Amino acid sequence: MSRAATTDPGLQAEALRDELVRLDHAYHTLDDPLASDAEYDALFRELQAVEQAHPDLQTPDSPTQRVGGIPRSDLPTVQHEVPMLSLGNAFDDAGIVAFDRRVREGLGVASVRYAAELKFDGLAVTLRYENGLLVRAATRGDGSVGEDVTPNARTIATLPLRLEGAHPPALIDVRGEVLMFHADFDAINQRQRAADAREFVNPRNAAAGSLRQLDARITASRPLHFFAYGIGAFDAGTSGVALPETHSGLLDWYRKLGIPVNDERAVMEGCEGLLDFYRRIGTQRAGLPYDIDGVVYKVDAFEAQRRLGFVARAPRFAIAHKFPAEEATTVIEQIDVQVGRTGAITPVARLAPVFVGGVTVTNATLHNEDEIRRKDVRVGDTVIVRRAGDVIPEVLRVLIDKRPAESVEYRLPTACPVCGSAVVREEGEAVARCSGGLVCAAQRKQALLHFAQRRALDIEGLGDKVVDQLVVRDLVRQPADLFALDRETVAGLDRMADKSAANLVDAIEKAKRTTFARFLFALGIRHVGEEVARVLAREFGRLDALLAADWPALMERKRTLQKENVGRRTRGEAQRPIPLEGIGDEIVQALAQFMAEPHNRDAIGRMREVGIVWPEADGTILRVDAVDTPQGASAGPLSGKTFVLTGSLPDLTRDEAKARIEATGGKVSASVSRKTDFVVAGAEAGSKAEKAVELGVPLIDQEALLRMIESGRIK
Ligand code: IVH
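Residues numbered from 1 in each chain as written. Predicted model: local features only at pLDDT ≥ 70, side-chain atom pairs only at ≥ 80, totals over all residues. Heavy atoms only, no water.

Caption draft 1: Looking closely at the nonpolar core. If you look at the biggest cluster of nonpolar residues, it comprises 61 residues, and the most contacted ones within it are Phe451, Ile459, Leu462, Leu482, Leu536, Phe540 and Trp551. Once residues within four sequence positions are removed from consideration, Leu536 is found in contact with Leu520, Val528, Gly541, Leu546, Trp551, Leu580, Ile583 and Leu591. (Core = buried A, V, L, I, M, F, W, Y, C linked by side-chain atoms within 4.5 Å. Buried < 20%, exposed > 50% of the residue type's maximum accessible area, 1.4 Å probe, protein only. Contact = heavy atoms within 4.5 Å.)

The following block contains the structure:
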């Protein structure tokens, strides 16, 4: 951009103004942003700095002189009786400490009561209620003049068209934010995609585009929400209503009137409380169903607010404490592909480092081939990346007007970059895969990591770096090879101390004792997650039974039973349990395919040879009378016994203990009753243990439980 090329402040200010006007127009009028918020803010602050250093360069039409937003020309306009102002920003703790100091000094007090709330990332609107009726809704526009969106706002389901309570004020302007929730945003974009219509770039944009419509029917088809956070004009009239004296009181009162108010708010004394609130909300941010870009602190007492007043176009009594931007602009330097455990090929964008979501990001996922095609992402493109919470950073979209002239469409490689095998994409699948299977070092590595992970065989110390070396040095080709590793070999790996080598070999040895469900999960069969593995373990009971399964016949039986059950239901008869409940065709197909591969059977055989063991049971599925067995009760050693878990066990998490009990036919229940057979109590066992004593239910510890499972004897 030209601004960087000049040092003349006059030319620089002009270039910045032009660019900001262009971005403003694209954003507010066309609802089609050309830059990320962070990029816009940076330009804006740059212009502010130039104007501050050279006040004579400030023009009345400079974007810095506007509160934000230009009314859309084709909607009727509304003059705001009380202007809609903006907020000052702080980006760090020091900014808040300084704000608190200014407020205290301004009021001449030692400590101030603040109301803290979320800074919603939507669009500001003002709602006028006359004698309790919603008569007008307007956007903020430029702060003085907004757009009339009354018919559109009326379609917002959570907004009352009439206020609750018998004596509404003659007039009240309720101010707040209109938002679109993430789930609705995703659904709408999916709809847009299906209709080949343009997608919205983010929920705020979608909310703005949906509210600022000439046709309210369109607004009605797009679910919007509203949260109130302020007040404009007010006239009690003859109602006798007195306004609350505090901001927090105002929001409480709004709630009584039926106006939506967000629950995430607090009142606190002094600066510390504000910073605690900021941190708490920061940890919750990624889990909220809508976007926020910070929190807002307001002096709670209206009287104090009035005394503090305003500076320029922002109040002295309030400030926005912003979170690090979750979106940023950067350039794609390269596109690589990663090969996953099942051979899935994931394209990854290598980025020019960019600070986003509070960290520096250099990689972003591009998901799959279709996504790349849809977004038309190319090497050399300037893109918006997003990193929200702990989510993997992703490329949101391309800024097309910054695309280099020579750019070419990206194509996924046709050969696996790791093993050279063909990359294939099956019909109906979004994901392309390397066809190399365990020949491919990348897949082997991922398969081993999966096998060793905590929820599978739980081999502590077998991480990324170690597995990498084991595969590269060809020491381990399949999981069973792990069990042949000795201390010397392991100690010979890079950065492996003798002690760690000894620990790892011990951990591998210990991992030999497992459960059937964990073993099945560890095999890494496509679609067989922990839950599916548990169902399989429970219903088959033994590995041999599973290896011998006639999958097509099982599916057939399942379908027949399902049909018969429909008949039984209509006749009011008891239902027969369905085998492999919750396990659909896709999973069965994956299982059948996996088991049909001789090398998979060999690998399983080798794992048994090296001594991986677990307690086996007679499952329900392959027994002749299976259909008559009550559901869930299998014939394992714990068959028919009900356990309750309480407190924390020394070695097993609650899920693990539950899985072991269930894998051997037992049931785990949440509460103790006379029907409970055993209560397994760990450290800090509470009322459930007391209840057991009261009812005379035997209390056992982890050791006793494991003995029962392993010996198959209930004592
Ligand atoms: S108070 C006089 N409270 O932030 C103070 N604004 O830069 C006026 N916003 O346009 C605003 N959440 O769209 C306030 N809890 C909140 C807010 C909030 C979001 C937006 C609002 C406004 C902008 C101010």
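Caption draft 2: A look at the site of the ligand. Taken together, 14 residues surround the ligand, and among them Glu117, Leu118, Glu177, Tyr229 and Lys298 come closest. At 2.8 Å, a side-chain N or O of Glu117 approaches a nitrogen atom of the ligand. Of all the elements in the fold, those that place two or more residues in the shell around the ligand are strand S3 (113-120) and strand S10 (292-299). In terms of residue count, S3 provides more of the shell around the ligand than any other element does, four residues in total. Residue composition of the shell around the ligand, by class: eight nonpolar, one polar and five charged. (Near = heavy atom within 4 Å. Polar contact = N/O pair within 3.5 Å; in protein donor to acceptor, adjacent residues only side chain to side chain. Helix = DSSP H or I, 4+ residues; strand = E, 2+ residues; numbered from the N terminus. Nonpolar A, V, L, I, M, F, W, Y, C, P; charged D, E, K, R; others polar.)

Caption draft 3: Broad picture of helix H16 (residues 498-510). Its 13 residues give H16 an end-to-end C-alpha distance of 18 Å, which sits within 8% of 18 Å, the value for a rise of 1.5 Å per residue. Along H16, the positions that sit buried rather than exposed are Ala501, Ala502, Leu504, Val505, Ala507 and Ile508. Buried positions along H16 lie against helix H14 (464-472) and helix H15 (487-491). (Expected span 1.5 Å × (residues − 1).)

Caption draft 4: Looking closely at the pairing of strand S14 (residues 327-339). Note that S14 and strand S17 (residues 382-386) share five bridges and pair antiparallel. Residue Ala328 lies in a different strand from S17, and its bridge partner there is Val385. The pairing of S14 with strand S15 (residues 345-356) spans seven bridges and is classified as antiparallel. Residue pairing across strands places Val339 opposite Ile345, the latter belonging to S15. Taken together, S14 and the strand that follows it, S15, pair antiparallel across an intervening segment of five residues, in which Gly343 is found at a positive phi of about 85 degrees. (Pairing = 2+ DSSP bridges.)

Caption draft 5: A look at the pattern of salt bridges. Taken as a whole and judged by the stated rule, the model has 51 salt bridges. Salt-bridge contacts for Arg217 lead to Asp215; the nearest nitrogen and oxygen are separated by 3.1 Å. Taken together, the shared-partner salt bridges in this structure form one network comprising Arg193, Glu199, Glu371, Arg374 and Lys375. (Salt bridge = Lys/Arg side-chain N within 4 Å of Asp/Glu carboxyl O.)

Caption draft 6: View of the packing of aromatic side chains. By the definition in use, this model includes 14 aromatic pairs. Both rings, one in Phe120 and one in Tyr290, keep their centres 6.3 Å apart while their planes meet at 55 degrees; by these two values the pair is tilted. Of this pair, Phe120 sits in strand S3 while Tyr290 sits in the loop between helix H10 (270-284) and S10, and the two are 170 residues apart along the sequence. A relative accessible area of 5% places Phe120 in the buried class. Aromatic pair Phe181 and Tyr290: ring centres 5.2 Å apart, planes at 45 degrees, arrangement tilted. Taken as a pair, Phe181 in the loop between strand S7 (171-179) and helix H6 (182-194) and Tyr290 in the loop between H10 and S10 lie far apart in primary sequence, 109 residues in all. (Phe/Tyr/Trp six-rings, centres within 6.5 Å; stacked < 30°, edge-to-face > 60°.)

Caption draft 7: Broad picture of the confidence of the model for the chain. A residue-level look at the chain finds 95% of positions with pLDDT of 70 or above and a mean pLDDT of 89. Of the regions scoring below 50 in pLDDT, residues 67-71 engages in 20 contacts with residues more than four places distant in sequence or in other chains. Considering only residues more than four positions removed or in separate chains, one finds that residues 622-634, a stretch of pLDDT under 50, has 28 contacts. (pLDDT = per-residue confidence, 0-100.)

Caption draft 8: A look at the sheet that holds S3. One open sheet accounts for five strands, arranged S2-S13-S10-S3-S9; its pairing is mixed. At either margin of the open sheet sits one strand with a lone partner, and together these are strand S2 (88-90) and strand S9 (266-269). Between one strand axis and the next, the sheet turns by 35 degrees as a mean value, whatever way the strands run. Of the pairings in the sheet, the one linking S3 to S10 comprises seven bridges and is antiparallel in character. Considered in S10, the bridge of Glu117 is made with Val296. Taken strand by strand, helix H4 (residues 93-107) contacts S2, S3, S10 and strand S13 (318-322), and its axis lies near 170 degrees from that of S13. In the packing of helix H9 (residues 247-257) onto the sheet, the strands contacted are S3, S9 and S10, and the crossing angle to S3 comes to about 55 degrees. (Axes fitted to C-alpha atoms, helices over the stretch in contact; angles between N-to-C directions.)

Caption draft 9: Structural context of the packing of helix H21 (residues 585-596) against helix H22 (residues 598-609). For the pair H21 and H22, the least separation of the axes is 5 Å and the interaxial angle reads 80 degrees. With respect to their mutual orientation, H21 and H22 come out roughly perpendicular. Packed against H21, whose contacting residues are Phe594, Met595 and Ala596, the element H22 presents Pro598, Asn600, Arg601 and Ile604 at the interface. The class makeup of the residues in the contact of H21 with H22 is five nonpolar, one polar and one charged. (Parallel < 35°, antiparallel > 145°, perpendicular 65-115°, else oblique.)

Caption draft 10: The sheet that holds strand S23 (residues 678-681), seen in detail. Strand order in the open sheet formed by four strands is S22-S21-S23-S24, and the pairing between neighbours is parallel. The open sheet has two edge strands, strand S22 (667-669) and strand S24 (699-700), and neither has a second partner. Sheet topology note: the S23/S24 ladder contains two bridges and is parallel. What sits directly across from Val679, in S24, is Leu699.

Caption draft 11: The arrangement of the environment of Phe185 in detail. If you trace the backbone, Phe185 turns up in helix H6. For Phe185, the contacting residues outside a window of four places in its chain are Met180, Phe200, Val201, Asn202, Pro203 and Ala206.

Caption draft 12: The side chain of Asp293, seen in detail. Here Asp293 lies in strand S10. The class for Asp293 is buried, based on a relative accessible area of 16%. With sequence-adjacent residues up to four places away left out, Asp293 is seen in contact with Lys119, Phe120, Asp121, Arg285, Lys322 and Phe323.

Caption draft 13: How the structure looks around the environment of Glu272. Tracing the backbone shows Glu272 in helix H10. With 207 residues separating them in the primary sequence, Glu272 and Pro479 have C-alpha atoms 53 Å apart.

Caption draft 14: Expanded view of the packing of helix H13 (residues 441-452) against H14. Running from amino to carboxyl end, H13 crosses H14 at an angle of 135 degrees, the nearest separation of the two axes being 10 Å. Viewed along their axes, H13 and H14 adopt a mutual orientation that is oblique. With respect to the hand of their crossing, H13 and H14 are arranged in right-handed fashion. Where H13 approaches H14, its residues Ala441, Arg444, Lys445, Leu448 and Leu449 are matched on the opposing element by Asp464, Val467, Asp468 and Val471. For the contact of H13 with H14, the per-class residue count stands at five nonpolar, no polar and four charged. (Left-handed = near helix turned anticlockwise from the far one by under 90°.)

Caption draft 15: Broad picture of unusual backbone geometry. One non-glycine residue with positive phi stands out, namely Asn131, at about 50 degrees. Relative to the assigned elements, Asn131 resides in the loop between strand S4 (123-130) and strand S5 (133-139). A positive phi is found at His527, a non-glycine position, where the angle reads about 70 degrees. Tracing the backbone through its elements, the reader meets His527 in the loop between helix H17 (516-522) and helix H18 (530-540). Take His527: its relative accessible area is 35%, and that puts it in the partly exposed class.

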